[in-house]
Amino acid sequence: MPRWLALLLVGVALGAGAVIFVQERYLPPRLSAEAAAELRAAFGQADAERVRLKGELADTAQRLESALAERKGLATELASSTESVKRLREDVGSLVASLPPDPRSGAIAVRAARFTVEGSTLAYDVVLSRERPGAKPFGGVLQFIVSGASERGAESTVASTPVPVSIGNYDSVRGSVALPQGFKPRQTTINVLDKVGGKVLGMRVMYVK
């Protein structure tokens, strides 16, 4: 064998041995065919999970965008409704101011009232206002004393249950008073008190038509 060929073969053997030594000593161990298959399967599962999470993130972003748009629309509607309520209150305030004054000029004025007989009840609609509105609403009770004729024709009165009221500048109170069977109301005394059985702050007598 020529000398150069022998040296070449020795060099190749030494190089291969060095590669095997470095790989076994310093590099991570080589994977078996089974381990490589498991690694590929784990990578495929992780990639599928990444795709799924990406889709969920896109759906969540779309829902968030829709929710923000809906919130913006609701805020616009609320602002519009608030403005409408403000204008309505101003209109009602102007209407109350145009009503005839309470002739008794109490702390609470009974500006207007309407009564309607509905079977054995007396439906009422009363508008109250404060002569000197304060920072806090007035809290009291509203009570009716209904005068009229009983079923037998005798003069009689019916006192209603006190109804709580809260009056800022004005308030409109609706409800009904239960009447005895056959009772025919003629007039109603409207009393505004600071509490049940307390001081009368406003009163007005109105006929029932």
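Conventions we followed
- Residues numbered from 1 in each chain as written.
- Predicted model: local features only at pLDDT ≥ 70, side-chain atom pairs only at ≥ 80, totals over all residues.
- Heavy atoms only, no water.
- Helix = DSSP H or I, 4+ residues; strand = E, 2+ residues; numbered from the N terminus.
- Buried < 20%, exposed > 50% of the residue type's maximum accessible area, 1.4 Å probe, protein only.
- Contact = heavy atoms within 4.5 Å.
- Areas by Shrake-Rupley, 256 points an atom, 1.4 Å probe, with all protein chains shown as cover.
- Pairing = 2+ DSSP bridges.
- Axes fitted to C-alpha atoms, helices over the stretch in contact; angles between N-to-C directions.
- pLDDT = per-residue confidence, 0-100.
- Core = buried A, V, L, I, M, F, W, Y, C linked by side-chain atoms within 4.5 Å.
- Salt bridge = Lys/Arg side-chain N within 4 Å of Asp/Glu carboxyl O.
- Phe/Tyr/Trp six-rings, centres within 6.5 Å; stacked < 30°, edge-to-face > 60°.

**Description of the overall build of the chain**
Moving on, step 1. Counting secondary structure elements, the chain contains 2 helices and 8 strands.
Moving on, step 2. What you see in the chain, going N to C, is helices and strands ordered as α-α-β-β-β-β-β-β-β-β.
Moving on, step 3. Per-residue burial for the chain yields a buried fraction of 22% across its 209 residues.
Moving on, step 4. In the chain, once contacts between residues fewer than 6 apart in sequence are set aside, the share between residues at least 24 apart is 58%.
Moving on, step 5. Surface summary for the chain: the accessible area is close to 15100 Å², and the carbon and sulfur share equals 59%.

**Concerning the sheet that holds strand β1 (residues 108-118)**
Moving on, step 1. In spatial order, the strands read β1-β2-β6; together these 3 strands make up an open sheet with antiparallel pairing. At either margin of the open sheet sits one strand with a lone partner, and together these are β1 and β6 (170-178). The sheet shows a mean angle of 15° between the axes of neighbouring strands, taken without regard to direction.
Moving on, step 2. Bridge count between strand β2 (residues 121-130) and β6: 9 bridges; the pairing is antiparallel. Directly across from Leu122, in β6, lies its bridge partner Val177.

**Some details on the confidence of the model for the chain**
Moving on, step 1. Scored by pLDDT, the chain has a mean of 81; 74% of the residues are at 70 or more.
Moving on, step 2. Per-element confidence in the chain is highest for strand β7 (residues 184-193), whose mean pLDDT is 94, and lowest for helix α1 (residues 3-25), whose mean pLDDT is 63.

**Thoughts on the pairing of strand β4 (residues 155-159)**
Moving on, step 1. Two strands pair when backbone bridges link them, and strand β3 (residues 138-149) and β4 are joined in this way by 5 bridges, in the antiparallel orientation. From the neighbouring strand, Gly148 faces β4, where its bridge partner is Ser156.
Moving on, step 2. Between β3 and β4, which pair antiparallel one after the other, the connecting turn spans 5 residues, and Gly153 there sits at a positive phi close to 95°.

**A short note on the pairing of β1**
Moving on, step 1. Examined bridge by bridge, β1 and β2 share 10 bridges and lie antiparallel to one another. Paired with Thr116 across the bridge in β2 is Ala123.
Moving on, step 2. Here β1 hands over to β2 after 2 residues, with Gly119 in that stretch at a positive phi of 70°.

**Focus on the side chain of Ser160**
Moving on, step 1. Residue position: Ser160 is located in the loop between β4 and β5 (163-167).
Moving on, step 2. Not counting residues up to four positions away in its chain, the partners in contact with Ser160 are Gln143, Phe144 and Val177.

**Regarding the nonpolar core**
Moving on, step 1. Within the largest apolar cluster, 23 residues are counted, with the highest numbers of intra-cluster contacts made by Phe115, Leu128, Leu142, Phe144, Val146 and Ile190.
Moving on, step 2. Counting only elements with at least two residues in this core, the list comes to β1, β2, β3, β5, β6, β7 and β8 (200-207).

**Here's the deal with the pattern of salt bridges**
Moving on, step 1. Across all of its chains, the model carries 6 salt bridges by this definition.
Moving on, step 2. The salt bridge involving Arg50 is made with Asp47; its shortest N-O contact spans 2.9 Å. In this pair, Arg50 and Asp47 are both assigned in helix α2 (residues 33-98), 3 residues apart and thus about one turn of the helix distant.
Moving on, step 3. Its salt-bridge partner being Arg52, residue Glu56 comes within 2.4 Å of it at the nearest N-O pair.

**Section: the environment of Asp102**
Moving on, step 1. Among the secondary structure elements, Asp102 is positioned in the loop between α2 and β1.
Moving on, step 2. Since its relative accessible area comes to 5%, Asp102 is described here as buried.
Moving on, step 3. Distance from Asp102 to Met203, taken between C-alpha atoms, is 8.8 Å for residues 101 residues apart in sequence.
Moving on, step 4. Beyond its immediate stretch of four places on either side in the chain, Asp102 contacts Ile108, Ala109, Val110, Arg111, Met203 and Arg204.

**Concerning the packing of aromatic side chains**
Moving on, step 1. If you walk through the whole model with that rule in mind, you get 2 aromatic pairs.
Moving on, step 2. Centroid distance Phe115 to Phe144: 6.1 Å. Interplanar angle 90°. Geometry classified as edge-to-face. Linking Phe115 in strand β1 with Phe144 in strand β3, this pair joins segments that are 29 residues apart in sequence. By the burial criterion, Phe115 is buried, and Phe144 matches it.
Moving on, step 3. Residue Phe144 is classed as buried on the basis of its relative accessible area, which comes to 1%.

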